[in-house]
Amino acid sequence: MKDFVIRIFGRMLGILGITAIGVSCDMMRVEYGSPYTRFEVNGKLVDKDTKEPVSGIVIVYGEEHSYWDEYGNEVTDFYPDGSYVADYSEFWMNGRSGLRDDPQKLMLKLSDYDSKKNGHYKDTTYVIDLRKIREPDEEENWCMGIYGADVTLELEREE
């Protein structure tokens, strides 16, 4: 009797295992990725004092993160996600950012690359406040939304 019960349970478990594999293969959708947001920024670059347009600026976007090292010192690192070269004073940039911190904040670091043309401007960092402008398309399963802003960024001349 004991052998009979063991054989019955063994066959039932085998059938259950095969059925589970068949059902899971039909119903599961495999996806790889991590959540992110997209952004769109319309901007204008101007001289801080004269409000005249400024061109020839490299804009690097990303996020800054702070952590404590093994000695108890706070360390801040900037993780760039991409860059944009503003050949004119007005620019439009878009991109994608991981959800490391706040999706409603975007850090921009500005550097002058053609100082001989229009004078030298100091490297400047801005944190832009973004607002959600629309939901992502249905096909973008990992996108958490599209954020945007219209900004005027002021640059200060270096003496």
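Residues numbered from 1 in each chain as written. Predicted model: local features only at pLDDT ≥ 70, side-chain atom pairs only at ≥ 80, totals over all residues. Heavy atoms only, no water.

## A closer look at the pairing of strand β4 (residues 90-98)
Argument step 1. Only one face of β4 is covered, namely the one carrying Phe91, Met93, Gly95 and Ser97; the face carrying Glu90, Trp92, Asn94, Arg96 and Gly98 has none of its residues buried.
Argument step 2. Where strand β1 (residues 36-47) and β4 come together, 9 bridges link them in antiparallel fashion. Bridged to valine 41 within β4 is methionine 93. (Buried < 20%, exposed > 50% of the residue type's maximum accessible area, 1.4 Å probe, protein only. Helix = DSSP H or I, 4+ residues; strand = E, 2+ residues; numbered from the N terminus. Pairing = 2+ DSSP bridges.)

## Some details on the sheet that holds β4
Sheet strands associate in pairs through backbone hydrogen bonding, adopting either a parallel or an antiparallel arrangement.
Argument step 1. The sheet built from 4 strands is open, its strands ordered β4-β1-β8-β7 with mixed pairing. Of all the strands in the sheet, the pair left with one neighbour each is β4 and β7 (131-134). In this sheet, neighbouring strand axes are inclined to one another by 30° on average, regardless of whether the strands run parallel or antiparallel.
Argument step 2. Inspection of the sheet shows β7 paired to strand β8 (residues 143-155) by 3 bridges, in the antiparallel sense. The partner of arginine 131 across the bridge, within β8, is glycine 148. (Axes fitted to C-alpha atoms, helices over the stretch in contact; angles between N-to-C directions.)

## Points about the pattern of salt bridges
Argument step 1. Per the stated rule, a full pass over the model turns up 7 salt bridges.
Argument step 2. We note a salt bridge from lysine 48 to glutamate 156, for which the minimum N-O separation is 3.9 Å. Linking lysine 48 in the loop between β1 and β2 (57-68) with glutamate 156 in the segment after β8, this pair joins segments that are 108 residues apart in sequence.
Argument step 3. Salt bridges linked by common partners bring Lys48, Lys122 and Glu156 together as one network. (Salt bridge = Lys/Arg side-chain N within 4 Å of Asp/Glu carboxyl O.)

## A word on a negative patch on the surface
Argument step 1. A contiguous patch of negative charge, built from Asp49, Asp123, Glu158 and Glu159, is present on the exposed surface.
Argument step 2. With respect to the helices, strands and loops of the structure, glutamate 158 is situated in the segment after β8. (Patch = residues over 30% accessible without salt bridge, like charges linked within 9 Å, V, L, I, M, F, W, Y side chains within 5 Å. Areas by Shrake-Rupley, 256 points an atom, 1.4 Å probe, with all protein chains shown as cover. Lys, Arg positive; Asp, Glu negative; His and termini not counted. Charge placed at Lys NZ, Arg CZ, Asp CG, Glu CD.)

## Section: the side chain of aspartate 47
Argument step 1. Summarising the element assignment, aspartate 47 is placed in strand β1.
Argument step 2. Excluding residues that lie within four positions of it along the chain, aspartate 47 makes contacts with Glu52, Val54, Tyr121, Leu155 and Arg157. (Contact = heavy atoms within 4.5 Å.)

## Considerations on the nonpolar core
Argument step 1. Within the largest apolar cluster, 21 residues are counted, with the highest numbers of intra-cluster contacts made by Leu45 and Leu108.
Argument step 2. Of all the elements, β8 adds the most residues to this core, at 5 residues.
Argument step 3. The residues contacting leucine 108, other than those within four sequence positions of it, are Ile59, Val60, Tyr61, Met93, Thr124, Thr125, Tyr126, Ile128 and Leu153. (Core = buried A, V, L, I, M, F, W, Y, C linked by side-chain atoms within 4.5 Å.)

## Quick word on the sheet that holds strand β5 (residues 105-112)
Argument step 1. Spatial ordering of the open sheet is given by β3-β2-β5-β6, a layout of 4 strands whose pairing is antiparallel. In this open sheet, the two strands that pair with only one neighbour each are β3 (74-86) and β6 (124-129). Direction aside, the axes of adjacent strands within the sheet are offset by 35° on average.

## Description of the packing of aromatic side chains
Argument step 1. Summed over all chains, the structure comprises 2 aromatic pairs.
Argument step 2. Geometrically, the ring pair formed by phenylalanine 39 and tyrosine 61 is edge-to-face, given 4.8 Å between the ring centres and 80° between the ring planes. With phenylalanine 39 in strand β1 and tyrosine 61 in strand β2, the pair connects residues that are 22 residues apart, well separated along the chain. The exposure classification of phenylalanine 39 matches that of tyrosine 61, with both residues buried.
Argument step 3. Ring plane angle 45° and centroid distance 6.0 Å describe the contact between tyrosine 84 and phenylalanine 91, whose orientation is recorded as tilted.
Argument step 4. Positioned over the ring face of phenylalanine 78 is lysine 109, at 4.8 Å from the centre of the ring. (Phe/Tyr/Trp six-rings, centres within 6.5 Å; stacked < 30°, edge-to-face > 60°. Lys NZ or Arg CZ within 6 Å of the ring centre and 35° of its normal.)

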